[in-house]
Amino acid sequence: MKNSLIKISIIAIATHLLLIFFGPYIVMNQLDRNIADAIANPFEGCEDTYDGIVGNLDQVCISKRSAARMPNYDFIYTMCRYDLSNGDLYVSMPVPEDERYWVVHVHNNNTNVAFKINNLAIASDTYELLITKDENTTSSINTIKTTEKGTVFWRLLVNTAEEISTLDKQRRSTVCEYR
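First things first, this report covers the structure right here in the doc. Every chain begins its residue count from 1, and numbering advances along the sequence as written. Side-chain atom pairs in this predicted model are given and counted only at pLDDT of 80 or more, local residue features only at pLDDT of at least 70, and totals for whole chains, interfaces and linings cover all residues. The side-chain values count all of the structure's non-hydrogen atoms but skip hydrogen atoms and water molecules.

Moving on: the state of the cysteines. Note: disulfide means a covalent bond formed between the sulfur atoms of two cysteine side chains. The disulfide criterion is simple: two cysteine sulfur atoms within 2.5 Å. Counted under the stated rule, the structure contains one disulfide. Each sulfur of the disulfide joining cysteine 80 and cysteine 176 lies 1.9 Å from the other. Because the torsion about its S-S bond is 85 degrees, the bridge between cysteine 80 and cysteine 176 counts as right-handed. Residue cysteine 80 is located in strand 3 (residues 75–83), and its partner cysteine 176 is located in strand 10 (residues 175–178); the two are separated by 96 residues in the primary sequence. A run of H or I in DSSP becomes a helix once it reaches four residues, and a run of E becomes a strand once it reaches two; helices and strands are each numbered from the N terminus.

Every patch collects residues that have over 30% relative accessible area and no salt bridge, joining them within 9 Å if they carry like charges and within 5 Å if they are nonpolar side chains (Val, Leu, Ile, Met, Phe, Trp, Tyr). Computed by Shrake-Rupley with a 1.4 Å probe, the accessible areas treat only the displayed protein chains as cover when residues are assessed. One side-chain nitrogen of Lys or Arg within 4 Å of one carboxyl oxygen of Asp or Glu is enough to make a salt bridge. Judged by side-chain polarity, Ile13, Leu17, Leu18, Ile20, Phe21, Phe22 and Ile26 come together as a nonpolar surface patch covering roughly 710 Å² of accessible area. By the element assignment, isoleucine 13 lies in helix 1 (residues 2–40). Partly exposed describes any residue whose relative accessible area lies between the buried limit of under 20% and the exposed limit of over 50%, with all areas from a 1.4 Å probe on protein chains only and scaled to the type maximum. The class of isoleucine 13 is exposed, set by a relative accessible area of 52%.

Once that is clear, we can look at the environment of asparagine 136. With respect to the element layout, asparagine 136 can be found in the loop between strand 7 (126–132) and strand 8 (142–145). As a C-alpha pair, asparagine 136 and alanine 123 span 13 residues in sequence and 27 Å in three-dimensional space.

Relative to the assigned elements, aspartate 134 resides in the loop between strand 7 and strand 8. A sequence separation of 95 residues divides aspartate 134 from isoleucine 39, and the C-alpha atoms of the two residues are 30 Å apart.

Let us look at the side chain of histidine 105. The topology assignment puts histidine 105 in strand 5 (residues 102–108). Note on contacts: a residue pair is in contact if any heavy atoms of the two residues lie within 4.5 Å. When neighbours within four sequence positions are excluded, histidine 105 is seen to be in contact with Val113, Phe115, Lys116, Thr151, Val152, Phe153 and Arg155.

Every buried residue of helix 3 (residues 164–171) is listed here: Leu167, Asp168 and Arg171. Projected down its long axis, helix 3 shows its buried positions confined to an angular sector of 105 degrees, all on one face. Residues Thr166 and Lys169 are exposed on helix 3 and point more than 90 degrees away from its buried face. Buried residues in helix 3 make contact with strand 2 (54–57), strand 3, strand 4 (89–94) and strand 9 (149–157). By arc we mean the arc of the directions from the helix axis to the C-beta atoms, nothing more.

The subject of this paragraph is the sheet that holds strand 7. The sheet built from four strands is open, its strands ordered 8-7-4-10 with mixed pairing. Two strands close off the open sheet at either side, each with one partner strand: strand 8 and strand 10. On average, each strand axis in the sheet is inclined to that of its neighbour by 20 degrees, with strand direction left out of account. Relative to strand 8, strand 7 runs parallel, the two being bridged by four bridges. Bridging across to strand 8, leucine 129 finds its partner in asparagine 142. For two strands to be treated as a pair, DSSP must find no fewer than two bridges joining them. Inter-axis angles, ranging from 0 to 180 degrees, are taken between N-to-C directions of lines fitted to C-alpha atoms, where helices are fitted over the stretch in contact.

Our next topic: the packing of aromatic side chains. A pair of Phe, Tyr and Trp rings is counted when the ring centres sit within 6.5 Å of each other, with Trp represented by its six-membered ring. The angle between the planes then sorts it: under 30 degrees is stacked, over 60 is edge-to-face, the rest tilted. A complete count under the given rule lists three aromatic pairs for this structure. Taking 6.2 Å as the distance between ring centres and 75 degrees as the angle between the ring planes, the aromatic pair formed by phenylalanine 75 and tyrosine 101 counts as edge-to-face. Here tyrosine 101 lies in the loop between strand 4 and strand 5 and phenylalanine 75 lies in strand 3, a separation of 26 residues in the sequence. Classification of phenylalanine 75 as buried rests on a relative accessible area of 11%. Taking 5.6 Å as the distance between ring centres and 25 degrees as the angle between the ring planes, the aromatic pair formed by tyrosine 77 and phenylalanine 153 counts as stacked. Of the two residues, tyrosine 77 sits in strand 3 while phenylalanine 153 sits in strand 9, which places them 76 residues apart along the sequence. Since its relative accessible area comes to 9%, tyrosine 77 is described here as buried. Through successive ring pairs, a cluster of aromatic residues spans Phe75, Tyr77, Tyr101 and Phe153.

See below:
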């Protein structure tokens, strides 16, 4: 009985440690596969979801993917999945004019949040940042030092269905480019 309990404990601890250390990378690799599939095989009406590395995620298109069954219909989402082996990533995004809730997260490839900001901390109508892995990079804009791969993900609150097309046009002015 004692040997069985020790074996079960060792298996449980090993499984737990494997999930803690490798689970986030499995999640992010699955995200890469899902994005590649969405670009290669878009659903009808979802053909313009991705423009380069910028994904303008529509609630209807998100809900058609098996990985995300329950999107929050109060938000529209935009994301840039990046790989800094292509260079530093420059990001420029519009900030809502009104007091509408808007938040940006930069996630490392291990799913940790490296940076977060919302509209209440920004006074201008555009927010710019530079994502780099180089410790010696200096820039006049906010510079985030992070892992080689990751995701910039932002959410914008939608108050009414009528304003979605206006907000969609605004968010499509987002720029994510390697420099």
